[in-house]
Each structure stands twice: as structure tokens, then as C-alpha cells.
Amino acid sequence: QGTQISAIEIPASVTSIGNQAFQYLDSLETVTFHESSNLETIGNYAFQGASSLSSIRIPASVTSIGEGAFDNSNSLTSVTFASPSSLETIGLSAFQFVQE
């Protein structure tokens with residue numbers, strides 16, 4: 001929070017993005033996951049308020065997206081789930097206030 005990070009590359013070794021990990025990174029425009037991603041969980045409010053993020057591709061390995069994970073990410077217009085998706089749960093308000 002409060003930094004000017006504009007791009008994040010998540011390596012294949014990361015299995016979980018913790019609660020509030022990238023919360024309120026207003027300048028965050030790009031989140032890229034390694035093509036062999038082993039990410040399983042995106043924590044509660046992990047990308048909340050990432051107001052410059054316009055699209056994201058969720059790796060097929062993700063099983064859970066936490067509560068409010070992308071809440072108030074108002075520029076987010078595209079969410080793609082890699083196939084075959086392992087997604088089992090999406091928490092309450094995960095995409096609340098995301099523009100259509």
C-alpha cells in the first residue's frame with residue numbers, strides 16, 4: 001500500500017497470495033503469473049483498490065479467490081480464467097464495484 005508499483009510478476013513457486021498483499025496499489029496496471037503457475041489461493045482483499053488494473057488472467061491452478069479480492073478495482077473490465085480451471089470458491093464481494 002502506498003507504493004508506485006505498476007507491474008507484478010508472480011513466479012511459479014508462489015502458491016498463495018496473502019490477505020491484503022497488494023491492497024490499494026493505485027498505480028498497479030499489470031499482474032502476470034508464470035505460465036507454469038502453482039498459485040492456489042488469492043487471499044481476502046489481496047488486490048482491493050487496485051484502481052489502475054484493467055485485466056487479469058487467473059491461473060488454472062487457483063482453487064480459491066478470497067472475500068473482496070478485487071473489490072473497488074474500478075478499472076478492471078476483463079477477468080479470464082485459464083482452462084481447465086480448478087476454481088472452487090469465490091468469496092463474497094470478490095469483484096464488488098468492478099465496472100461492467
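Residues numbered from 1 in each chain as written. Predicted model: local features only at pLDDT ≥ 70, side-chain atom pairs only at ≥ 80, totals over all residues. Heavy atoms only, no water.

(A) Just the sheet that holds strand β2 (residues 16-17), in detail. Taking strand neighbours across the sheet as the criterion, the four strands line up as β2-β4-β6-β8 in an open arrangement whose pairing is parallel. Of all the strands in the sheet, just β2 and β8 (89-90) have a single pairing partner and so form its edges. Two strands pair when backbone bridges link them, and strand β6 (residues 64-65) and β8 are joined in this way by two bridges, in the parallel orientation. Opposite Ile 65, over in β8, you have Ile 90 as the bridge partner. (Pairing = 2+ DSSP bridges. Helix = DSSP H or I, 4+ residues; strand = E, 2+ residues; numbered from the N terminus.)

(B) Up close: unusual backbone geometry. Residues Ser 83 and Pro 84 are joined by a peptide bond in cis, for which omega reads -5 degrees. When you line up the elements, Pro 84 lands in the loop between β7 (78-81) and β8. Positioned with a positive phi, Gln 20 is a non-glycine residue whose angle comes to about 60 degrees. Considering the arrangement of structural elements, one finds Gln 20 in the loop between β2 and β3 (30-33). Although it is not a glycine, Tyr 24 sits at a positive phi angle of roughly 60 degrees. On the secondary structure map, Tyr 24 appears in the loop between β2 and β3. In this structure Tyr 24 comes out as partly exposed when scored by relative accessible area, which is 33%. (Buried < 20%, exposed > 50% of the residue type's maximum accessible area, 1.4 Å probe, protein only.)

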